[in-house]
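If you want the building blocks of each chain, they are given just below.
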Amino acid sequence: MSEHMPITIGNNVIEKFVEFCQKNQYEKFLIVADENTARALGDRVYQAVKQQGWDAVYQVLDPEGLHTDGTTLTRVLSAYDAVPRLFVAVGSGTITDTVRFTSHRSQNQFVSFPTAASVDAYTSENASVTVGHLKGSIYCHAPIAIFADLPTICASPKFLTASGFGDLISKLTSSSDWKISHLIWGTDFDEEIYAKALRAGQRVAEVVDGIRTADPESMAAMMEGQFASGFCMADFGNSAPASGGEHHIAHIWEMMFHWGEKEGLYHGQAVGVAAIMCAEWYQRLKALSCKDAEDLLKKTKIPSRSVQIAAVEKNLPQIAEELIGSDPIYMQLSDTAKFKRIRERILDRWDEIRATAANVPEPSAIRAWIKSLGGPVTPQELSVTKEQVEIAVDYGLYLRERFSINIIRKLFGW
């Protein structure tokens, strides 16, 4: 495992940040926030830096329509003066990924001041960035330190907390997808990282009552789980431990909103709803015997590669070229001999697959937890249309090389 950055969670983190900078002789900064996070914490960080007589560029972005895309990245890079600086991200997912990308590409390090427990990627080395029409995970780097101001996090909007819970509880489906992908498809896997990702999801479920009341101890536990999830991705080298079929469905919805210039869809909210859907498929899988699975797989009819390509081009023309070029798993399964081998592997490993699926809670439990925090639990509550649900479910499985529960659903004809 890699050595992780220092993390401070508490009430006096700005003082700890100043001490960190003094110790490491940082005196030049580029601080990035949006108007909301500037009021919540960024202004105080900036004033603390100025009080030390240090040189700081302070970039405050308009939060309306803010995404980690070409427009936002260019705005931050245009504020950078090519002087070596420590970049400082004051915000949640979008601000953090923006700073992660711009600091990396300008060959500077960065530190993170999370302002909400809204995402699980604070400690990740990857930035979720929309390039052109495609949203993807791009390698950058992790922060060299994190300073989580607990009063700010506890006071953050409830919908952001619910979003973060949805993102973190999805580790129970994503980690299961990862292990099943290893069992069936032979993808790389690490048992220790898997256990940590699974535990991050289990832990947040244990403290949901405290999260509902913004209890500091429970909120700190949630932040720790989010940091742990990010470490799992960093240690493994990609997002596989923490991003399964539920994320792929959510990513399609997020891209659709972006293409339509429509706002209001938060990543964790979309992931939470998609995790409920995946848990429903897992619930059906857990009820199957090996003979049941064999009978379903005998009926499987996989469209030819040309038919699949035509369908992708019709339904997702904006990203069809990238998806087809990645040679996705389901497209590979159109090869009769390959599907036969995979079918045999599924049946040979059925007991292990079911044992893995047992770690996924009942969908009713996930639904109740998210609802208790005021989060959305149906696509309709996300303002996602029926057609968008169908497209995301049918084509989300083309996004990554993961043999997710969504692919199994497809093979079983559900």
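Scroll up a little and you will see the structure.
Definitions and cut-offs
Residues numbered from 1 in each chain as written. Predicted model: local features only at pLDDT ≥ 70, side-chain atom pairs only at ≥ 80, totals over all residues. Heavy atoms only, no water. Core = buried A, V, L, I, M, F, W, Y, C linked by side-chain atoms within 4.5 Å. Buried < 20%, exposed > 50% of the residue type's maximum accessible area, 1.4 Å probe, protein only. Helix = DSSP H or I, 4+ residues; strand = E, 2+ residues; numbered from the N terminus. Contact = heavy atoms within 4.5 Å. Axes fitted to C-alpha atoms, helices over the stretch in contact; angles between N-to-C directions. Parallel < 35°, antiparallel > 145°, perpendicular 65-115°, else oblique. Left-handed = near helix turned anticlockwise from the far one by under 90°. Nonpolar A, V, L, I, M, F, W, Y, C, P; charged D, E, K, R; others polar.

Visitor: Would you mind going over the nonpolar core with me for this structure?
Guide: Nonpolar side chains in soluble globular proteins tend to end up buried together. The biggest cluster of nonpolar side chains holds 101 residues, and the ones touching the most others in it are Phe 165, Trp 253, Leu 316, Leu 333, Ile 346, Phe 403 and Leu 411. In terms of residues, this core owes the most to one element, helix 12 (residues 267–286), which gives 11 residues. Residue contacts for Trp 253: discarding those within four places in its chain leaves Leu 265, Ala 270, Val 273, Ala 274, Met 277, Pro 379, Leu 382, Val 384, Gln 388, Val 389 and Ala 392. Tyr 26, Ala 38, Leu 41 and Ala 145 belong to the second-largest nonpolar core, a separate cluster that totals 25 residues.

Visitor: What is the right way to read the packing of helix 12 against helix 21 (residues 405–412) from this model?
Guide: Helix packing geometry: the angle between the two helix axes and the distance between the axes. Taken N-terminus to C-terminus, the directions of helix 12 and helix 21 make an angle of 55°; their axes are 10 Å apart at the nearest point. Of the possible angle classes, the one that applies to helix 12 and helix 21 is oblique. In terms of crossing hand, the pair formed by helix 12 and helix 21 is left-handed. Only Ile 405, Asn 406, Ile 408 and Arg 409 of helix 21 make contact with helix 12, whose side of the interface consists of Cys 278, Trp 281, Tyr 282 and Leu 285. Each residue belonging to the contact of helix 12 with helix 21 can be placed in one class, and the counts come to six nonpolar, one polar and one charged.

Visitor: Looking at this structure, I do not really get unusual backbone geometry. What am I missing?
Guide: What is expected of a backbone is that most residues other than glycine have negative phi and most peptide bonds are trans. Of note, Ala 82 is a non-glycine position whose phi angle comes to about 70°, a positive value. Tracing the sequence through the fold places Ala 82 in the loop between helix 3 (70–79) and strand 4 (86–91). The phi dihedral of Glu 261 is positive, around 50°, even though this residue is not glycine. With respect to the helices and strands, Glu 261 occurs in the loop between helix 11 (245–259) and helix 12.

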